[in-house]
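Fold and contact review
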Amino acid sequence: MSKRPTPPSNDGALVKRSRSDSPPRNEMVISTSGDDRQKGLIRSVKRTSNLEAPIISLSGAHSGEIVSCRFDPTGQNIAACSTDRSVSLWRTYPPNTNYGLLSSLHKAPILDLQWSLYSPILYTVGADHILNMMNVTTGQRIRKVRAHRGIINTLDRTMAGGAGIELVATGSDDGTVRIWEGGEEGEKTSVAVFEIGCPVTSVCWSADGQNVYVGALDNEIHVYDSRKREQIYSLTGHTDTPTSLALSPNGSYLLSPSFSSQVIIHDVRPFSPAPSRIHRVLHGAPAGFENALLKGAWSKDDGGRRVAVGGADRMVCIWDVESGRVLYKLPGHKGTVTAVDFHPKEPIILTGSKDGTMLMGELEPGMAI
């Protein structure tokens, strides 16, 4: 009579492997049992990016809440700004070092930042009414401009069509949006001024750089022609103040979260089939009572099939744009998730929070449009 073998436990599947087999480089092997007799019980997690791990925490640089964080256009670097008046610079890929901490740019909380589209310049704005332009390669400040008479909440940049000049738009509590020449050759005087009439919470350029979208305290998104310097129409639908604006990769849709916890995707094509220009209304990311200017983002690796917005529930909500269905609710932070960005080339999401940390995680790759 032969001895009956020990039955396998129910906490994993028995996988037969030859000795020479090794897990693929894009997979991570996790043992499902600590029993030495069951080393064959493994499961593999398919990796979808070049990150060192599926989830990476970037912490230790800031003592205050992170207000904005963004990948640079190459996806190799990350910049984050905080209420502790500093900007931190990180490597996206291993060893994910915090290679820079710039603490002398502003004398008040830094509220937004943007990477230049063509040069190693970082634009920052803050509660001290200052627009800063800094070369991240040398660490030297290029220009410091007293841009507004009130707190500057937001900025965005674009390349002026045909001229090869980078233009920067800033929006402030003083009720104005100002346009500036970026780069190292620009002047300290604004190119154009738009009088909105109430505090501005968000600005965003159109894909061709001709129009500026302006979110304001009157619950509307004002659309200005930067050449005619006049308002051409407005986008309605919000019942409370829009907190940020983000343009889709194809330039056809505009993402706008708001204090009402309602996220609207507007159709900004020249000829919209819907008179209201509302493409989708998304729910699932609570704005909370702190009135934080939560920043949303579009996925770029799949051409904008997904959008993400953080919430006061300490999670990040990711939706499928076409169906409006919630794809992910990602936990991990210990405070309101204030900022979200997608990697320009890989299915990686970056989040910043009031807990002073950032999380970087990989998602399932989407199918490009």
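Each remark here, short or long, concerns the structure printed above.
Residues numbered from 1 in each chain as written. Predicted model: local features only at pLDDT ≥ 70, side-chain atom pairs only at ≥ 80, totals over all residues. Heavy atoms only, no water.

1. Focus on the environment of Ser-63
Mapping Ser-63 onto the fold places it in the loop between strand E3 (55-58) and strand E4 (66-71). For Ser-63, a relative accessible area of 73% gives the class exposed. Separated by 23 residues in sequence, Ser-63 and Ser-86 have C-alpha atoms that sit 9.4 Å apart. (Helix = DSSP H or I, 4+ residues; strand = E, 2+ residues; numbered from the N terminus. Buried < 20%, exposed > 50% of the residue type's maximum accessible area, 1.4 Å probe, protein only.)

2. Some thoughts on empty space enclosed by the protein
All chains considered together, the criterion is met by one cavity of 30 Å³ or more. Taken as a whole, the largest cavity spans an internal volume of roughly 40 Å³. What lines the largest cavity is simply Pro-257, Ser-258, Ser-261, Gln-262, Val-263, Ala-285, Ala-287, Leu-294, Val-309 and Gly-310. Within the lining of the largest cavity, the residues separate by chemical class into six nonpolar, four polar and no charged. (1 Å grid on protein atoms, 1.4 Å probe; cavity = no way out; pocket = protein on both sides within 12 Å on 5 of 7 lines; lining within 4 Å. Points joined across faces, edges and corners; volume = space filled by probe spheres on them. Nonpolar A, V, L, I, M, F, W, Y, C, P; charged D, E, K, R; others polar.)

3. Description of the sheet that holds E3
Taken together, the four strands give an open sheet; going across it, the order is E3-E30-E29-E28, and neighbouring strands pair in antiparallel fashion. Because the sheet does not close on itself, it has two edges, and the strands there are E3 and strand E28 (337-342). Between one strand axis and the next, the sheet turns by 20 degrees as a mean value, whatever way the strands run. Pairing of strand E29 (residues 348-353) with strand E30 (residues 358-362), which is carried by five bridges, proceeds in the antiparallel orientation. Paired with Thr-351 across the strands is Leu-359, a residue of E30. (Pairing = 2+ DSSP bridges. Axes fitted to C-alpha atoms, helices over the stretch in contact; angles between N-to-C directions.)

4. Examining unusual backbone geometry
Between Pro-94 and the following residue, Pro-95, the backbone shows a cis peptide bond with an omega angle of 10 degrees. Inspection of the secondary structure puts Pro-95 in the loop between strand E6 (87-91) and strand E7 (98-102). One non-glycine residue, Asn-291, lies in positive phi territory at about 55 degrees. Within the secondary structure layout, Asn-291 lies in the loop between strand E23 (278-282) and strand E24 (296-298). The backbone phi angle of Arg-314 is positive, close to 70 degrees, even though this residue is not glycine. Examined against the element boundaries, Arg-314 turns out to sit in the loop between strand E25 (306-310) and strand E26 (316-320).

The quantities given are spatial measurements derived from coordinates; they are silent on function.
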